[in-house]
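# A closer look at the structure
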Amino acid sequence: MNVEVKEILEKLNAHEISVAEAEKRMKEETVDDLGYAMIDYQRKIRTGVSEVIYCEGKTSEQIAGIVENMIAHQVGNILGTRCSAEKYEAVKIVCPDMEYDEEARIIQYNREAVSMNKGVVVVACAGTSDLPVAKEAAITARFLGNHVEEIYDVGVAGIHRLLSKLDVLARANVVIAVAGMEGALASVVGGLTDKPVIAVPTSVGYGANFGGVAPLLAMLNSCASGISVVNIDNGFGAGYMAHSINSLGGKE
């Protein structure tokens, strides 16, 4: 909760302002219009997670402006996805403590401690080429307050590699299965665990992969039960959904 909203609620509880005045000021304080972006500062109150910046399609100046505004509003933890190294350099000028993972293309600013969920999120990645999407999922889930274990290069072309990690799958509360090509990993994982599986198709593959459409359809038609599917290359969406599921188990 940012400082402005907290002060409004305190004044309302102390009967220093009316409900109508509190409502008016909440609307004014919880959305900031920068002209090119309207930052939703009430989102954390509603959903438990502050607004996340999708950097692709935004200019360096716009991203830096959003980050600067969020810090001015006392937002302690900031996450930005699909950020290039060039845009990160611009953001560092206004926020020197911003961190960057080039492979996942994620920026993150962590000033406040995050309460951790009890369960473990396991990210299983089919091949090394799928790593950028898998790491986006893992970093997102970890940023939101989850213990994350990662098992990489365990695709079905060498099924023994996945079977050697059954102990890791057994510890999972939620599994994220990331795969391109034919996307078979999610079905295999779904047949090995009693936990929910979030399947992430990637655009990795040869021509008939159709930029990720082939694994997307394969995952949607999986024979294994308990599998849900996010959009192509949507590691962030998978990490966020895994957090939502894992939150049901409570905090440590």
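Residues numbered from 1 in each chain as written. Predicted model: local features only at pLDDT ≥ 70, side-chain atom pairs only at ≥ 80, totals over all residues. Heavy atoms only, no water.

The name an unreviewed UniProt entry gives the protein is Phosphoribosylaminoimidazole carboxylase, catalytic subunit, with Robinsoniella peoriensis as the organism.

Right, let's get into the overall build of the protein. Looking only at helices and strands, one finds 11 helices and 11 strands in the protein. A buried classification covers 45% of the 252 residues belonging to the protein. In the protein, once contacts between residues fewer than 6 apart in sequence are set aside, the share between residues at least 24 apart is 67%. Put simply, the protein shows about 12200 Å² of open surface, and 54% of that area lies on carbon and sulfur atoms. When the 22 basic and 33 acidic side-chain charges of the protein are each reduced to a single mean position, those positions are 4 Å apart. (Helix = DSSP H or I, 4+ residues; strand = E, 2+ residues; numbered from the N terminus. Buried < 20%, exposed > 50% of the residue type's maximum accessible area, 1.4 Å probe, protein only. Contact = heavy atoms within 4.5 Å. Areas by Shrake-Rupley, 256 points an atom, 1.4 Å probe, with all protein chains shown as cover. Lys, Arg positive; Asp, Glu negative; His and termini not counted. Charge placed at Lys NZ, Arg CZ, Asp CG, Glu CD.)

Moving on to the sheet that holds strand E4 (residues 77-81). Spatially, the four strands line up as an open sheet ordered E3-E4-E6-E5, and their pairing is mixed. If you trace the sheet from one side to the other, it starts and ends with strand E3 (53-54) and strand E5 (99-101), each paired once. Each of E4, E5 and strand E6 (106-110) touches helix H6 (residues 131-143); the most contacted strand, E6, lies at about 15° to it. (Pairing = 2+ DSSP bridges. Axes fitted to C-alpha atoms, helices over the stretch in contact; angles between N-to-C directions.)

Before going further, it helps to spend a moment on the domain arrangement of the protein. Domain annotation for the protein reports domain 1 (34-110) and domain 2 (117-249). The gap between the C-alpha centroids of domain 1 and domain 2 is 26 Å. Between domain 1 and domain 2, the residue contacts involve 15 residues of the former and 13 residues of the latter. Roughly 1100 Å² of surface becomes buried between domain 1 and domain 2 when both sides are summed, with 68% attributable to carbon and sulfur atoms. (Domains from an automatic or database assignment. Buried area = accessible area lost by both parts, 1.4 Å probe.)

Positive phi is not limited to glycine here, since Arg82 has a value of about 55°. Mapped onto the elements of the fold, Arg82 is located in the loop between E4 and helix H5 (85-94). Even without a glycine there, the phi angle at Phe210 is positive, about 55°. Within the secondary structure, Phe210 sits in the loop between strand E10 (197-201) and helix H10 (213-220).

Pairing is parallel across the open sheet formed by five strands, whose spatial order is E8-E7-E9-E10-E11. The strands lining the two open edges of the sheet, one partner per strand, are strand E8 (147-151) and strand E11 (227-229). Going from strand to strand, the sheet's axes swing by 25° on average, the running direction of each strand aside. In terms of strand pairing, strand E7 (residues 120-125) meets E8 through five bridges, oriented parallel. Residue pairing for E8: Val121 is matched across the bridge by Val148. Seen against the sheet, H10 touches strand E9 (172-179), E10 and E11 and runs at an angle of roughly 160° to E10.

We now examine the layout of surface pockets. The gaps left among the atoms become clear once a water-sized probe is rolled over them. Volume-wise, the largest pocket comes out at about 460 Å³. Secondary structure elements with two or more residues in the lining of the largest pocket: strand E2 (38-40), helix H3 (43-47) and E4. Split by residue class, the lining of the largest pocket holds 14 nonpolar, nine polar and six charged. A domain split of the lining of the largest pocket shows at least three residues from each of domain 1 (34-110) and domain 2 (117-249). Taken as a whole, the second largest pocket spans an internal volume of roughly 240 Å³. Surrounding the second largest pocket, 17 residues form its lining, Ala126, Gly127, Asp130, Gly155 and Met181 being those nearest its centre. Looking at the lining of the second largest pocket residue by residue, the class counts come to eight nonpolar, six polar and three charged. (1 Å grid on protein atoms, 1.4 Å probe; cavity = no way out; pocket = protein on both sides within 12 Å on 5 of 7 lines; lining within 4 Å. Points joined across faces, edges and corners; volume = space filled by probe spheres on them. Nonpolar A, V, L, I, M, F, W, Y, C, P; charged D, E, K, R; others polar.)

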